[in-house]
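One letter stands for each residue in the lines below.
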Amino acid sequence: MQTQCNESRIEFHGLSGRVLIADFDGGNIVSDGGVPLVAEVDRTFRVLERYAACFTDHRDPEASEHSVLDLVRQRIYGLCLGYEDLNDHDRLRTDALIAACVGKQDPEGQQRRRPDDRGKPMAGKSTLNRLELSKVGADPDSPYCKIVADLDGLADLLVDVFLDAHDSPPEEITLDIDPTNLETFGQQLGRHFQKHYDGYCYLPQYVFCGEFLLAAQLRPGDVGAMSGAMKLLPKIVTRIRQRWPDVGITIRGDGHFSDDRLMSWCEATPGLEFIVGMPSNARLMNEVQEAQRQMAAEFAAAKQSDENSGPPQEPPRTFVEIPYRTLDSWSQQRRVVAKVEHLPGPTGDSVSAFAVATAEKSAVQAEQHLAQARSAAATATATADGQQRRAQRLACLAETMAAAAPRDHSERAKSLRADAKTTRKQAQRAEVLARKERRAAAKAEQRAETLQTQAAAARTAADWLLEQASWEGKSNVRFVVLSRAAEELDGRTAYEEGYCPRGDAENRIKEQKYLFAGSLPCEAMRANQIRLYQCSFAYVLCMLLRRFGLAETELSQAQCPTIRTRLFKIGALIQVTTRRVWTHISSSYPYRELFGQVLSNLRRAAEKFSNGVPRIPDSPFAGDDPPRLAVT
């Protein structure tokens, strides 16, 4: 049977002897039945109400149908639901459920002013883009975009949401700072080619405290990791300390942040600590050679033991304390902890054969240069000695000739005295040449000593690489520099519990990209910064839902895409009555119990924070009770 299609019915091939028919007569069914959960989180913590307060609206109130709060809710709810572009809202604007969650008094849009807008309760893309494209100096006389964002206020709000989500100050917190790359689109301002990422990009700076996002600063692609960090971090720390004056704060980052400016600031600020990665170098690697050798021996012994009996053991690991100061970039000596472990792998995995061959070649060349330098030094020394002996002989001859000359004025006496004088001058010149050759010999000896040191270092390095090539498995070495003393925090705890959890911030950055932080197509940096804040607050809503609504559930550790798939993207039949907006979710919805539990958890959180963060009421319909979102 061929598939038949018309405007109202589609017939598919038969299944199990029955004809499968689809039609478009199901009624007002939406695919985002979980959006009330997003709205519940928003209203519980007043996130987007405060977000909207960071905008100044210069539009004519009489000519505006959509408030700034309505616009930001529509835009950020859309990001949470998986709608990336403003173009998507030309279709979403007819969704009665989203409109009700946004707070529209007319969720079906039947009371819109313009006939063409009726049935479309929410804003389209041309209205929403005014949130992003308004310039700093926009005012009521500006021709088009008149909704001006306060970027500093949005930055402060991220920290305030973090503070408000705690009913009491913690004893200690850790701030993770980490840059990432965001791909650019076309000839955008601030784009720059980054070799490390192999493309044109922005390099935004993120700051997290656990799963809380505290900063999302957009930066051009041609800056280093520390660019802007010394303005961003003090601002965040100051705002936290205004509310929590006694909280201990630790700054954590990767090797890009082992910068003297950051570490000196932490050392000079009471209650502020740091633990950051440290790039390896030859001096640091020399300090851990014996530990590497020891771990390789323990690995070989453990492997032999495992082959004889028992399950495989964990790779051997040790920690080395290194008092260290750079040659010129650090202002003082600091504590560096090295993690040294030996991982399973084939023989020679610690170092490549090419590296061994290159090191051996360098050692041989250094030894050859040393031999040549020693030969040149010996030649220079012999030449200097020869000139010295010649000078001495000439001096003796001159003295003999002068002594043999008669003490009269005869021609023979005058000739002998003249010859003696000439010989004496030759002796002096020979002495000058001898001193010159002696200096050349000294320089040659000095160069030979330098080359001997270099040759010894090259030979040691080649022998060390050759020894590593004989090991089975791979030596893994990492360094961190921290402010806490060993008496407060031992090396193992500092690395494993203090530094390693930093990797979770990278997972949070990935969640940002799942919420379309990587889609910043505007030409101006300011507009893209506002877009980045929109994605950031979409993440904040999802994070608060996970932290408070999904606590102690199977999705307590779920990331944003999983939350969206299981809780937001739900098919539901919508019915709008005078007093209710009914959301009829499928009876076969597999997460029905979880959905109800999330809502109960959020309401308990609302009661818990009601004293510090009062909830805002829903906007009531004119002449009616406020709408309620019922799940049946």
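As a reminder, the structure under discussion sits directly above these lines.
Procedures and definitions
- Throughout, a residue's number is its position along its own chain's written sequence, starting from 1.
- For a predicted model such as this one, the threshold for reporting local features is a pLDDT of at least 70, and the threshold for listing and counting side-chain atom pairs is 80 or more; totals across whole chains, interfaces and linings nevertheless cover every residue.
- Note that water and hydrogens are dropped before the side-chain values are worked out from all heavy atoms of the structure.
- Under the scheme used here, helices are H or I runs from DSSP no shorter than 4 residues and strands are E runs no shorter than 2 residues, and both carry numbers assigned from the N terminus.
- Think of it in three bands: residues with accessible area under 20% of the maximum for their type are buried, residues over 50% are exposed, and the middle band is partly exposed, with areas taken using a 1.4 Å probe on protein chains only.
- Throughout, a contact is declared for two residues whenever any of their heavy atoms are within 4.5 Å.
- For the area figures, the Shrake-Rupley method with a 1.4 Å probe applies, and any residue is considered shielded solely by the protein chains shown.
- Residues counted as positive are Lys and Arg, residues counted as negative are Asp and Glu, and His and the chain ends are not counted.
- Every charge is mapped onto a representative atom, which is NZ of Lys, CZ of Arg, CG of Asp or CD of Glu.
- Exposure above 30% relative accessible area and the absence of a salt bridge qualify a residue for a patch, where like charges join within 9 Å and nonpolar side chains (Val, Leu, Ile, Met, Phe, Trp, Tyr) within 5 Å.
- In the sections that follow, a salt bridge refers to a side-chain nitrogen of Lys or Arg positioned within 4 Å of a carboxyl oxygen of Asp or Glu.

**Q** How should the overall build of the protein be read in this particular structure?
**A** The helix and strand tally for the protein stands at 19 helices and 20 strands. Projected onto its principal axes, the C-alpha coordinates of the protein cover approximately 145 × 75 × 65 Å. Across the 632 residues of the protein, 46% fall into the buried class. A fraction of 70% describes how many contacts in the protein between residues 6 or more apart in sequence connect residues 24 or more apart. Just so you have it, the protein exposes about 32,300 Å², and 49% of that area is on carbon and sulfur atoms. A gap of 8 Å separates the mean positions of the 81 positive and 85 negative side-chain charges of the protein.

**Q** For this particular structure, what's the right way to read a positive patch on the surface?
**A** On the surface, Arg 389, Arg 390, Arg 393, Lys 421, Lys 425 and Arg 429 cluster together into a positively charged patch. Of all the secondary structure elements, the ones that give two or more residues to the positive patch are helix 13 (353-404) and helix 14 (411-469).

**Q** Hey, could you run me through the environment of Val 598 in this one?
**A** For Val 598, the location among the structural elements is in helix 19 (residues 592-608). Note: C-alpha distance between Val 598 and Leu 550 (48 residues apart in sequence) is 5.7 Å.

**Q** Quick question: what am I supposed to make of the pattern of salt bridges here?
**A** Between side chains of opposite charge, a pair can form when the charged atoms approach closely. Following the criterion strictly, the structure yields 45 salt bridges and no others. With a closest N to O distance of 3.9 Å, Asp 116 and Arg 114 form a salt bridge. The class of Asp 116 is exposed, set by a relative accessible area of 55%. Its salt-bridge partner being Arg 508, residue Asp 504 comes within 2.8 Å of it at the nearest N-O pair. Of this pair, Asp 504 and Arg 508 both sit in helix 16 (residues 503-514), four residues apart, roughly one helical turn. For Asp 504, a relative accessible area of 33% translates into the label partly exposed. Using a relative accessible area of 8% as the deciding quantity, one classes Arg 508 as buried. Beyond isolated ion pairs, a larger network of salt bridges with shared partners links Glu 65, Arg 93, Arg 112, Arg 114, Asp 116 and Asp 117.

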